[in-house]
Amino acid sequence: MLYLDNSATTKIHPEVLDTMLPYLQEEYGNPSSKFYLLAENAKKSSLQST
């Protein structure tokens, strides 16, 4: 069988991983939530990325 779904198994580029690690380990708030600092930081970060 030949498996062609690379999207499910693609290795993360090192630069992307370095950029995302703080948000995966420390700033993991839900940007749609309110009333707590992690959520506010997540929303600010997501708005900056666009």
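Residues numbered from 1 in each chain as written. Predicted model: local features only at pLDDT ≥ 70, side-chain atom pairs only at ≥ 80, totals over all residues. Heavy atoms only, no water.

(A) Main features of helix α2 (residues 37-48). Between the first and last C-alpha of α2 there are 17 Å, a value that for twelve residues agrees with the 16 Å anticipated at 1.5 Å per step. Those residues of α2 that fall on the buried side of the exposure criterion are A39, A42 and S45. On an axial view of α2, the arc spanned by its buried residues comes to 130 degrees, and they lie on one face. Turned more than 90 degrees off the buried face of α2, the exposed positions are L37, K44, L47 and Q48. The elements touched by buried residues of α2 are α1 (14-25). (Helix = DSSP H or I, 4+ residues; strand = E, 2+ residues; numbered from the N terminus. Expected span 1.5 Å × (residues − 1). Buried < 20%, exposed > 50% of the residue type's maximum accessible area, 1.4 Å probe, protein only. Arc of directions from axis to C-beta. Contact = heavy atoms within 4.5 Å.)

(B) Quick look at a nonpolar patch on the surface. Taken together, the side chains of I12, V16, L17, M20, Y23 and L24 make up a nonpolar region of the molecular surface, amounting to roughly 530 Å² of accessible area. Turning to its location among the elements, L24 is positioned in helix α1. For L24, a relative accessible area of 56% gives the class exposed. (Patch = residues over 30% accessible without salt bridge, like charges linked within 9 Å, V, L, I, M, F, W, Y side chains within 5 Å. Areas by Shrake-Rupley, 256 points an atom, 1.4 Å probe, with all protein chains shown as cover. Salt bridge = Lys/Arg side-chain N within 4 Å of Asp/Glu carboxyl O.)

Taken by themselves, the reported measurements are silent on function.
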